[in-house]
Amino acid sequence: MLNPRTHSPTLPDSYYAATRRYEPQFPALEGDHHYDVCVVGAGYSGINTAIELQQRGYRVAVVDRFQVGWGASGRNGGQLIRGIGHGLEQFRKEIGEEGIQALAHMGFEAVDIVKQRIADFDIQCDLKLGYCDLANRKRHLRDFEEEKAWLDRVGYPHETELLEQSEMHQVVGSDRYVGGLIDRGSGHLHPLNLIHGEALAAAYLGVHIFEHSPVIRIDEGDTCTVITDRGRIECNTLVLCANAYVQGLNSTLESKVLPAGSYIIATEPLPEDIHTRVLPQDMAVCDQRVALDYYRLSADKRLLFGGRCNYSGRDPKHIAATMRPDMLKVFPYLEDVKIEFEWGGMIGIGANRLPQVGRLKPNVYFAQAYAGHGVNASHMAARLIAESIHGETERIRHLEAVRHMRFPGGHRFRSPLLALGMSYYRLLDLF
Ligand SMILES: Cc1cc2nc3c(=O)[nH]c(=O)nc-3n(C[C@H](O)[C@H](O)[C@H](O)COP(=O)(O)OP(=O)(O)OC[C@H]3O[C@@H](n4cnc5c(N)ncnc54)[C@H](O)[C@@H]3O)c2cc1C
């Protein structure tokens, strides 16, 4: 069950909701309809699949249980980071060199799709380029060196730069890190304004969006029927994009994605002398631990500080009280700064951290499990699904070739089992 503290039917009381620029509103589904494609889930995956399909000439509907952007897409850290999956080498046996190269380049294309969408539809979402990976340990620095050498080899078209410990204050006003890897092609944005802007763009193109329409049953066959509490859609092709919120929709997808709680606090706007000390170049940053800290400045110069991956299925009782000490470990001089917003959401995590994109049946597609990299990867998944529905399966096949493990424990015990496993890895981080 969703925790009502962070998952009431309305948008969470976040900094994003308080500063939203658009107010898209769409009707609930009523009566019987027919579309070429029905998409379930109005986050980045669903809305962008609809955009890509509508642009290819299909009639598309999107249905969401609550509102556009209600899920992770309207609550996330807003970090737009290159790359799909972690450690693509582990899939060499299944997808070969060609597959690894293809996925690597998709990891770059994913960010370009977001930038293009913003430019094409003039979406006001505070896009700012500049991102830095932060090393907690020397071994992370060696990983960064390899990553930079690889990016140079495959022709990553943006500037990257390794930083030594003594140079870290150029990027972050903290003594916690031993080095970094800057990427000037990645960056950050206002995630709720992005998904709202994309939904308005989809509607402008002719996509029919239905909010407050929980899907309660799906009948699959040569055509599929999607049944909500007050209406039904018959469609030739169905696309399931419920990600970490898939519970109750499809048991196969549910068994392969774990909803992990992640939480964010937003400070009051910081005076210039403080925010230029905290993040002097206004970059988004992430550290390298299993339960990582990720943070950035908002357009009005608040610190948005996220972290605390939680697999137990229970949200912390007081998010700010839990997150503030983490923030103060990094920036002790923010002791007197007020926390004005706190919220959380579910990240969909798969066992091998590669996004799960493909088909359950010839006419039933899905996309989920982007881990903490869904802002970019969801846009790539949407394009791949649209290509495939349009008969171009050349690229989706690389992702379809990778097998994804079911998490053991069934619906009730999956999360507690993983919580135990994660505590072990957190312990390793400490040493
Ligand atoms: C706190 C947090 C921080 C994050 N930070 C980052 C970050 O900085 N960078 C990054 O790249 N990624 C980040 N992520 C991950 C990223 O936000 C997600 O991967 C991405 O938004 C997933 O988009 P989606 O469209 O697949 O799913 P969602 O946006 O979660 O959308 C799923 C939708 O499905 C709907 N749905 C579910 N069941 C039904 C049903 N039965 N009927 C109808 N509708 C249904 C839900 O209502 C929901 O709107 C973060 C996630 C969280 C939670």
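Our structure's up above, just so we're on the same page.
Our subject in this report is the structure included herewith. (Residues numbered from 1 in each chain as written. Predicted model: local features only at pLDDT ≥ 70, side-chain atom pairs only at ≥ 80, totals over all residues. Heavy atoms only, no water.)

### Considering the pattern of salt bridges
Scanning all chains against the criterion turns up 30 salt bridges. In the salt-bridge network here, residues are joined through shared partners; they are E52, R56, E109, R117, R383, E387 and R395. (Salt bridge = Lys/Arg side-chain N within 4 Å of Asp/Glu carboxyl O.)

### Some details on the pairing of strand β13 (residues 294-297)
The alternating pattern of β13 places Y294 and R296 and Y295 and L297 on opposite faces, both of which are buried. In the sheet, strand β12 (residues 284-286) pairs with β13 via two bridges, with the strands oriented antiparallel. Looking at the pairing, C286 lines up with Y294 of β13. Where β13 folds back onto strand β14 (residues 303-310) in an antiparallel hairpin, the turn is made up of five residues, including K301, whose phi is positive at roughly 65 degrees. (Buried < 20%, exposed > 50% of the residue type's maximum accessible area, 1.4 Å probe, protein only. Helix = DSSP H or I, 4+ residues; strand = E, 2+ residues; numbered from the N terminus. Pairing = 2+ DSSP bridges.)

### Quick word on the nonpolar core
Core analysis: the largest hydrophobic core is formed by 77 residues, its most contacted members being I47, L194 and I209. Sort the elements by how many residues they give to this core and helix α3 (residues 92-120) lands first, with 11 residues. Discounting chain neighbours no more than four positions away, the residues touching I47 are G41, A42, V62, I195, E198, A199, A202 and I209. Of all hydrophobic cores here, the second largest spans 29 residues; its members include V171, Y295, F305 and I319. (Core = buried A, V, L, I, M, F, W, Y, C linked by side-chain atoms within 4.5 Å. Contact = heavy atoms within 4.5 Å.)

### Describing unusual backbone geometry
Even without a glycine there, the phi angle at D126 is positive, about 55 degrees. Counting through the fold element by element, D126 comes out in the loop between α3 and β4 (128-135). Note on D126: relative accessible area 36%, which makes it partly exposed. Of note in the backbone geometry, A371 takes a positive phi value of approximately 50 degrees without being a glycine. In this structure, A371 sits in the loop between β17 (364-368) and α9 (374-389). Classification of A371 as buried rests on a relative accessible area of 10%.

### What about the packing of helix α2 (residues 44-55) against α9?
The angle between the axes and the distance between the axes are what describe a pair of packed helices. Here α2 crosses α9 at 40 degrees, and the two axes come no closer than 8 Å. By the angle between their directions, the pair α2 and α9 is classed as oblique. Helix-helix and strand crossings are classified by hand; for α2 and α9 the assignment is right-handed. Contact residues: Y44, S45, N48, T49, E52 and L53 in α2; G374, V375, S378, H379, A382, R383, I385, A386 and I389 in α9. Class assignment of the residues belonging to the contact of α2 with α9 gives a composition of seven nonpolar, six polar and two charged. (Axes fitted to C-alpha atoms, helices over the stretch in contact; angles between N-to-C directions. Parallel < 35°, antiparallel > 145°, perpendicular 65-115°, else oblique. Left-handed = near helix turned anticlockwise from the far one by under 90°. Nonpolar A, V, L, I, M, F, W, Y, C, P; charged D, E, K, R; others polar.)

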